[in-house]
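Geometric and topological summary
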Amino acid sequence: MKHYYPYPILILCLILMSSTLAAEKPAYQLYNAKGKNAKYSKLIKEAEDADIILFGEQHNNPISHWLQLEVSKDLHSIYGENLVLGAEMFEADNALILQEYVSDAIRTRNFEAEAKLWPNYKTDIKPLIEFARENKLDFIATNVPRRYAAAVNFGGFEALEELSDEARSFIAPLPIAFDPELPQYIKMAEMMGGQMGEHANNNIVKAQALKDATMAHFILNNYEPGKVFLHFHGSFHSDYYEGIMWYLLQQNPDLKILTIATIESDSVDEFPEDQQGIADYVIVTPGSMTKTH
């Protein structure tokens, strides 16, 4: 009588299963503000109830850009033409040419030749612009022209007093509210503290605040009840509910704002403890993720 021993087969199955698990390399993991695993569908569900969604990216992270497009598509399926897009990557003095392009009034080659486009425009930003163009959505240029941020970096907020009325139309109304005690601004000042004097260091933070204030200003100028505004920017501009969000709430404390942050970590399976509370939803990608530029 033959005896059958299942153990070699069982061991083989376990080995194969272990190899399969080891081979899994998730591109990202989504977490909530408490560092607990979250579902993308839950993010979209909460986004439905928001007035403004601040989507913080890592500028060279492909997962950030891919998810920005996916969130745009999913919100468009809900809101249709009531979805408004906007981005740090376009400065306010480019608002006209950007709107001309997404409204299909000018050709691609003219837009790309004349607009101030970031080096990673074609790989990371263009898909969002083309999505807006195809679906006749407004896409708002929200950032301060870099020359004015540079002026503040050199001469503080006082430099803005020298601007013409036309130039001031591209920035948040003066005087710019500024709280140097906000933790993210303190962190920025400390990061730069070893490289320059205190006064110059403070001006760098003021230039950052000018960007945050201006983006908030143009978001509010283009938001109205019944619509949802989805804004893209470097994660630092809204991390820990500061930056853009601080300025938005100074103007309208009743706004319902959802924040998304992107961080990189050695393992997407464990949420970094020091990042708890960074945003309502956090996209964690591997630090080894291929960069777009």
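Preceding this paragraph is the structure being described.
This write-up is about the structure you can find in this document. (Residues numbered from 1 in each chain as written. Predicted model: local features only at pLDDT ≥ 70, side-chain atom pairs only at ≥ 80, totals over all residues. Heavy atoms only, no water.)

A closer look at the environment of Gln-208
What counts is decided by this rule: Each helix is a run of H or I in the DSSP string that is no shorter than four residues. Each strand is a run of E no shorter than two, and both are numbered from the N terminus. Each residue's exposure class comes from its accessible area (1.4 Å probe, protein chains only) as a fraction of the maximum for that residue type: buried when under 20%, exposed when over 50%, partly exposed otherwise.
Here Gln-208 shows up in helix H10 (residues 198–221). In this structure Gln-208 comes out as buried when scored by relative accessible area, which is 10%. When the C-alpha atoms of Gln-208 and Gly-243 are compared, they prove to be 8.5 Å apart, with 35 residues separating the residues in sequence.

Description of empty space enclosed by the protein
For clarity, the threshold we go by: A cavity, in this analysis, means grid points on a 1 Å lattice covering only the protein atoms where a 1.4 Å probe fits yet has no way out; a pocket is instead an open set bounded by protein on both sides within 12 Å along at least five of seven lines, and a residue lines either one if it has an atom within 4 Å of a point. Grid points are joined across faces, edges and corners, and a volume is the space filled by probe spheres set on the points. Throughout, the ten residues Ala, Val, Leu, Ile, Met, Phe, Trp, Tyr, Cys and Pro are labelled nonpolar, Asp, Glu, Lys and Arg are labelled charged, and all others, Gly among them, are labelled polar.
Within this structure, the stated rule accounts for 1 cavity of 30 Å³ or more. By volume, the largest cavity amounts to about 40 Å³. Every residue lining the largest cavity is listed: Leu-30, Tyr-40, Leu-43, Phe-55, Leu-67, Val-71, Ile-260 and Ile-283. Of all the elements in the fold, those that place two or more residues in the lining of the largest cavity are helix H2 (40–48) and helix H3 (62–79). Grouping the constituent residues of the lining of the largest cavity by class yields 8 nonpolar, no polar and no charged.

Examining the pattern of salt bridges
What counts is decided by this rule: For this analysis, a salt bridge means a side-chain nitrogen from Lys or Arg found within 4 Å of a carboxyl oxygen belonging to Asp or Glu.
Taken as a whole, this structure holds 12 salt bridges when the rule is applied. The partner of Lys-116 in a salt bridge is Glu-91, and the shortest N-O contact between them spans 2.5 Å. With Lys-116 in the loop between helix H5 (108–114) and helix H6 (121–134) and Glu-91 in strand E3 (residues 83–91), this pair connects stretches of sequence that are 25 residues apart. A salt bridge links Arg-133 to Asp-104; the shortest N-O distance between them is 2.7 Å. Placement of the pair is Arg-133 in helix H6 and Asp-104 in the loop between helix H4 (95–102) and H5, with a sequence separation of 29 residues.

Focus: the side chain of Glu-91
The condition is simple: A 3.5 Å cut-off defines polar contacts: any pair of N or O atoms within that distance qualifies, except that in protein one atom must be a possible hydrogen donor and the other a possible acceptor, and neighbouring residues in sequence count only when both atoms are side-chain atoms.
The exposure class assigned to Glu-91 is buried, which follows from its relative accessible area of 5%. Reaching out from Glu-91, the side chain makes a polar contact with the side chain of Lys-116 at a distance of 2.5 Å.

Things to note about the sheet that holds strand E6 (residues 257–265)
How we decide: In this description, strands pair whenever DSSP reports at least two bridges between them. Angular values range over 0 to 180 degrees, each being the angle between N-to-C directions of two axes fitted as lines to C-alpha atoms, with helices fitted over their stretch in contact. Whether two residues are in contact is decided by their heavy atoms: any pair within 4.5 Å suffices.
Spatially, 7 strands are ordered E1-E7-E6-E2-E5-E3-E4 in an open sheet, and the strand pairing comes out mixed. The sheet is open, and its two borders are formed by strand E1 (29–32) and strand E4 (139–143), each paired with just one other strand. Across the sheet, the mean angle separating the axes of adjacent strands is 25° when strand polarity is ignored. Across 4 bridges, E1 lies against strand E7 (residues 281–286) in antiparallel orientation. Directly across from Asn-32, in E7, lies its bridge partner Tyr-281. On the sheet, H4 packs against E3 and E4 and is oriented at approximately 160° with respect to E4.

Quick look at the nonpolar core
For soluble globular proteins, nonpolar side chains are generally found buried alongside one another. Note the following rule: For this analysis, a nonpolar core means a set of buried residues of the types Ala, Val, Leu, Ile, Met, Phe, Trp, Tyr and Cys, connected via side-chain atoms within 4.5 Å.
Ranked by size, the top nonpolar core spans 43 residues in total, and within it Ile-53, Leu-85, Phe-90, Ile-129, Phe-139 and Leu-230 carry the most contacts. Apart from the residues within four sequence positions on either side, Leu-85 is in contact with Ser-72, Leu-128, Phe-131, Ala-132, Leu-137, Asp-138, Phe-139, Ile-140, Phe-229, Leu-230 and Phe-232. Core analysis: the next-biggest nonpolar cluster, separate from the first, contains 36 residues, Leu-163, Ala-207, Met-245 and Trp-246 among them.

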